[in-house]
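Observations on the three-dimensional arrangement
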Amino acid sequence: IYIAKKDEIETRNIINFLIKNNFKIIVPKCQKNEIIPIEITNLDQLKKGTYGIYEPISNNSFNKENIDLYIIPGKIFDKNCNRKGRGKGFFDRFLQNVKNKKTIIGLCYENQLVNKLKTNSWDIPVDVLITEKKIIKKTKFIYKQNILI
């Protein structure tokens, strides 16, 4: 699960709830133009890092194949669950090998939702898109273990 920037859906309350309910929480850390998944057990294990985004202090990576559910941000989404991020492709590269194998959830505000986005071959869509007003499902939601990203 991502740590929100000011223009993204806030995730700290979600993370605290999940930690209290014994979920493993894996958050992204940006290193050399890639995302490294790292487990945290509380929000005190974060510091401001790359691009002003709060990241784990630790560098101990978590195997992304063991993550069942990914919760990711985006700058803009469409009603077909396509997304565009901040233009660097971090999440698209990170999710390339897990798309269609794991559930990917996008969080956004209604004003970030458009009818149709122009997408590129490398853009990874989400399976479920959640706004403050609705849930759009592209595929059936699958839940396996207490592991989220």
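The structure reproduced in this document is the subject of the present report. (Residues numbered from 1 in each chain as written. Predicted model: local features only at pLDDT ≥ 70, side-chain atom pairs only at ≥ 80, totals over all residues. Heavy atoms only, no water.)

Thoughts on the sheet that holds strand β9 (residues 113-114)
Read from one edge of the open sheet, three strands run β7-β6-β9, paired in mixed fashion. What marks the edges here is a single partner per strand, and that holds for β7 (83-84) and β9. The sheet contact formed by strand β6 (residues 76-78) and β7 spans two bridges and is antiparallel. Counted as the bridge partner of Phe-77 is Arg-83 from β7. (Pairing = 2+ DSSP bridges. Helix = DSSP H or I, 4+ residues; strand = E, 2+ residues; numbered from the N terminus.)

Some details on the pairing of strand β5 (residues 69-72)
Of the two faces of β5, the one carrying Leu-69 and Ile-71 and the one carrying Tyr-70 and Ile-72 are both buried. Where β5 lies against strand β8 (residues 103-107), four bridges are found, and the strand directions are parallel. Bridge assignment links Ile-72 to a residue of β8, and that residue is Gly-106. (Buried < 20%, exposed > 50% of the residue type's maximum accessible area, 1.4 Å probe, protein only.)

Notes on the nonpolar core
Most often, soluble globular proteins keep nonpolar side chains buried together rather than apart. Core analysis: the biggest nonpolar cluster contains 38 residues, and Tyr-70, Leu-95 and Leu-129 have the highest contact counts within it. Sorting the residues of this core by element identifies α1 (12-20), β1 (24-31), β2 (34-40), β5, α2 (90-95), β8 and β10 (128-130) as the ones contributing at least two each. Setting aside residues no more than four positions away along its own chain, Leu-129 makes contact with Phe-77, Asp-78, Cys-81, Gly-106, Leu-107, Cys-108, Leu-113, Lys-134, Ile-135 and Ile-136. (Core = buried A, V, L, I, M, F, W, Y, C linked by side-chain atoms within 4.5 Å. Contact = heavy atoms within 4.5 Å.)

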